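# Examining the three-dimensional arrangement
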Amino acid sequence: MLKIIIKDGENIERALKRYKRKHRNIKVMQNLRDGQFFTKPSVKRRREVQKAAYIQNLRDQEDI
């Protein structure tokens, strides 16, 4: 459960922005969607490898 403690004098929009950022960072919706259907371990692993390769390719292009 996410808790956002509003500091004294803090704007409610700012607190809402912090909440949305935390919500996005812990991937609440993504975890819910992933849990709807069974995904084979081999498919999960393949996606992880593809994602790692994509990120590595971006970093390699940055260095050039």
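Just above, that's the structure.
Throughout this description, residue numbers start from 1 for each chain and increase along the sequence as written. Whole-chain, interface and lining totals are the exception, using all residues; otherwise, since this is a predicted model, local features are given only for residues with pLDDT of at least 70 and side-chain atom pairs are given and counted only at 80 or more. With hydrogens and water excluded, all non-hydrogen atoms of the structure serve as input to the side-chain values.

## Considering the pattern of salt bridges
Just to be clear on terms, a salt bridge is a Lys or Arg side-chain nitrogen sitting within 4 Å of an Asp or Glu carboxyl oxygen. All chains considered together, the criterion is met by two salt bridges. For Arg-18, the salt bridge is made with Glu-10, and the minimal N-O distance between the two is 3.2 Å. Residues Arg-45 and Glu-48 are paired through a salt bridge, measuring 3.3 Å at the closest nitrogen-oxygen approach. Residue Arg-45 and its partner Glu-48 are located together in helix α3 (residues 41-63), separated by three residues, close to a single helical turn. Burial classes follow relative accessibility: with a 1.4 Å probe on protein chains only, a residue under 20% of its type's maximum area counts as buried, one over 50% as exposed, and anything between as partly exposed. Of the residues examined, Glu-48 reaches a relative accessible area of 49% and is grouped as partly exposed. By definition, any uninterrupted DSSP run of H or I lasting at least four residues is a helix, any uninterrupted run of E lasting at least two residues is a strand, and each is numbered from the N terminus.

## Comments concerning helix α1 (residues 12-25)
With 14 residues, α1 ought to run about 20 Å at 1.5 Å a step, and its terminal C-alpha atoms sit 20 Å apart, in line with that. Among the 14 residues of α1, one are classified as buried, and the element is accordingly described as predominantly exposed. Downstream of α1 by one or two residues, Lys-27 has phi in the positive range, about 60°. The length a helix should cover is 1.5 Å for every residue beyond the first.

Read these as geometric descriptors, not functional statements.
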